[in-house]
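Chain and residue survey
Here is how the chains run, residue by residue.
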Amino acid sequence: MTVVDAHHHLWDTRVREYAWMAGPELAPIRRPFTLDDLRREASAAGVAHTVLVQAVGDLGETRELLAAAAASEGLVAGVVGWVDLTAADVAGVLDRLRAGPGGDRLVGVRHQVQDEPDPAWLARADVRRGLRAVADAGLAYDLLVLVPQLPAARAAVAALPDARFVLDHAAKPAIAAGSLEPWAGELAALARLPNVACKLSGLVTEARWDDWDADRIRPYADHVLGVFGPERVMFGSDWPVCRLAASYVQVRQLAETLAAGLSPAEREAVFHRTAAHAYRLAV
């Protein structure tokens, strides 16, 4: 089976500031992570293709990620970049990104909604116009939201039934606290909408970084698989963020453990087919 990692990052902290990395607990990842680093770690984890995701609201970063994808010799199959969804000319910005180096690798757009103080940010009229432009361009939209923002996310997904949405990190459940609700109920409500898929990603860093195991993460993964179904769930490493709690190889092994009860066809969906479909990847 050809494995696709549907969520990882590259960044160079010498080039730009990543405000979300400011805390001392994030010092282990506050350094450059390059395409060569990715190639080495993905190979060790048995990953053939990846989806590279933005880490800051900066068009310059998106252009750099697209160029890196073009230089990756097929490793980076797609890029989820950033555009200002509230801008007057989102369609034009997307056209210009696609016309630049690596522009054919642009498969989606993401904004770090989790950092927006307004839990209803996705309900704003200007944001909805931006989401409409993303959908009209044939791109997916990644939802990076926290549990209180799930109702607005669900409303946005319902309002654009012909758009493709991908939920990042299963909306970050409270694994460290051992809590399932209200996350489980909100996630199930979102999963009832057919035009949204979910990444089985980022779970090790929602657990205690120094004390996690598959048994403590399994209830959350089982709920994701149960409400979305394997055909709408995709594996993501969240490398290098995952390094705060686990190596790339450990995250891949965890995903294999959590998917062990699935049929071969269901495992193929989680580790390849769902990502390829959601992002229209040529893999």
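Residues numbered from 1 in each chain as written. Predicted model: local features only at pLDDT ≥ 70, side-chain atom pairs only at ≥ 80, totals over all residues. Heavy atoms only, no water.

1. Here we look at the sheet that holds strand β8 (residues 233-235)
Spelled out, the test is: In short, DSSP must find at least two bridges between two strands for them to pair. Helix and strand labels come from DSSP, where a helix needs a run of H or I of at least four residues and a strand needs a run of E of at least two; each type is numbered from the N terminus. Every axis corresponds to a line fitted to the C-alpha atoms, with the helix fit spanning only the stretch in contact, and the corresponding angles, defined between N-to-C directions, vary from 0 to 180 degrees. Throughout, a contact is declared for two residues whenever any of their heavy atoms are within 4.5 Å.
Spatial strand order, β1-β2-β3-β4-β5-β6-β7-β8: eight strands in an open sheet with parallel pairing. In this open sheet, the two edge strands, each paired with only one partner strand, are β1 (4-8) and β8. Adjacent strand axes in the sheet meet at a mean angle of 25°, parallel and antiparallel pairs treated alike. Sheet topology places strand β7 (residues 196-200) next to β8; three bridges connect them, and they run parallel. Along β8, the bridge assignment pairs Leu 200 with Phe 235. In this fold helix α9 (residues 264-279) packs onto β1, β2 (49-53), β3 (76-81), β4 (106-111), β5 (140-143), β6 (164-167), β7 and β8, with an angle of close to 110° to the strand it touches most, β8.

2. Focus: the pattern of salt bridges
So the rule is basically this: By definition here, a salt bridge exists when the distance from a side-chain nitrogen of Lys or Arg to a carboxyl oxygen of Asp or Glu is within 4 Å. Exposed residues in this analysis have more than 50% of their type's maximum accessible area, buried residues have under 20%, and partly exposed residues fall in between, with area computed by a 1.4 Å probe over protein chains only.
Inspection of the entire model under this criterion finds 23 salt bridges. When the shortest N-O distance is used, the salt bridge between Asp 89 and Arg 96 registers 3.8 Å. Residue classification places Asp 89 among the partly exposed residues on the basis of a relative accessible area of 39%. In this structure, Arg 218 and Asp 215 form a salt bridge, with 3.8 Å as the shortest nitrogen-oxygen distance. Taken together, the residues Arg 218 and Asp 215, both in helix α7 (residues 214-228) and three residues apart, mark about one turn of the helix. Each of Arg 110, Asp 142, Asp 168 and Lys 199 takes part in a single network of salt bridges with overlapping partners.

3. Topic: helix α2 (residues 59-70)
Given 3.6 residues to a turn, an α-helix orients residues that are three or four positions apart in the same direction. The criterion, for reference: A helix is expected to span 1.5 Å for every residue after the first. The arc in question is traced by the directions running from the helix axis to the C-beta atoms. Under the rule applied, a polar contact is a pair of N or O atoms within 3.5 Å (in protein, one hydrogen donor and one hydrogen acceptor; residues adjacent in sequence only if both atoms are side-chain atoms).
The end-to-end C-alpha distance of α2, which contains 12 residues, comes to 17 Å, matching closely the 16 Å that a straight helix rising 1.5 Å per residue would cover. Along α2, the residues classified as buried are Glu 61, Thr 62, Leu 65, Leu 66, Ala 68 and Ala 69. The buried residues of α2 occupy one face: seen down the axis, they fall within an arc of 160°. Against the buried residues of α2 lie α1 (35-44), β2, β3, α3 (90-99) and β4. With a side-chain oxygen lying 2.6 Å from the backbone nitrogen of Gly 60, the N-terminal cap of α2 falls on Asp 58.

4. Here's the deal with the side chain of Asp 168
Among the structural elements, Asp 168 can be located in the loop between β6 and α6 (183-191). With residues near it in sequence (within four places) discarded, Asp 168 still touches His 7, Arg 110, Asp 142, Leu 143, Leu 144, Lys 199 and Ser 201.

5. Some remarks on the pairing of β4
In plain terms, the rule: Crossover handedness is defined here as right-handed if the route from the first strand over the helix to the second strand goes clockwise, with the strands pointing away from the viewer.
Burial analysis of β4 places six of its six residues in the buried class, which makes it a mostly covered element. Note that β3 and β4 share three bridges and pair parallel. What sits directly across from Val 79, in β4, is Leu 106. Once you follow β3 into α3 and on to β4, the crossover reads as right-handed. Alignment of β4 against β5, held across four bridges, turns out to be parallel. Counted as the bridge partner of Arg 110 is Asp 142 from β5. Chirality of the crossover, the property in question, places the unit of β4, helix α4 (residues 125-136) and β5 among those that are right-handed.

6. Regarding the packing of aromatic side chains
Rules: Each pair of aromatic rings taken from Phe, Tyr and Trp, with Trp reduced to its six-membered ring, is defined by centres within 6.5 Å and is described as stacked if the planes are under 30 degrees apart, edge-to-face if over 60, and tilted in the remaining cases. We call a charge positioned over a ring when the NZ of a Lys or the CZ of an Arg lies within 6 Å of the ring centre and within 35 degrees of the ring normal.
Throughout the structure, instances matching the rule amount to eight aromatic pairs. Between Tyr 141 and Phe 165, the ring centres sit 6.2 Å apart and the planes meet at 75°, which makes this aromatic pair edge-to-face. Taken together, the residues span a long stretch of sequence, with Tyr 141 in strand β5 and Phe 165 in strand β6 at a distance of 24 residues. As far as burial versus exposure is concerned, Tyr 141 and Phe 165 are alike and both buried. Relative to Phe 271, the ring of Phe 235 has its centre 5.6 Å away and its plane inclined at 45°; by these criteria the two rings are tilted. Here the residue Phe 235 occupies a position in strand β8, and Phe 271 occupies one in helix α9, the gap between them amounting to 36 residues. Each of the two residues, Phe 235 as well as Phe 271, counts as buried. Put simply, the rings of Trp 11, Tyr 18, Trp 20, Phe 33, Trp 239 and Tyr 248 pair up and form one aromatic cluster. Positioned above the aromatic ring of Phe 33 is the side chain of Arg 31, whose terminal nitrogen or guanidinium carbon lies 4.0 Å from the ring centre. A cation sits over an aromatic face here: Arg 252 above Phe 271, 5.5 Å from the ring centre.

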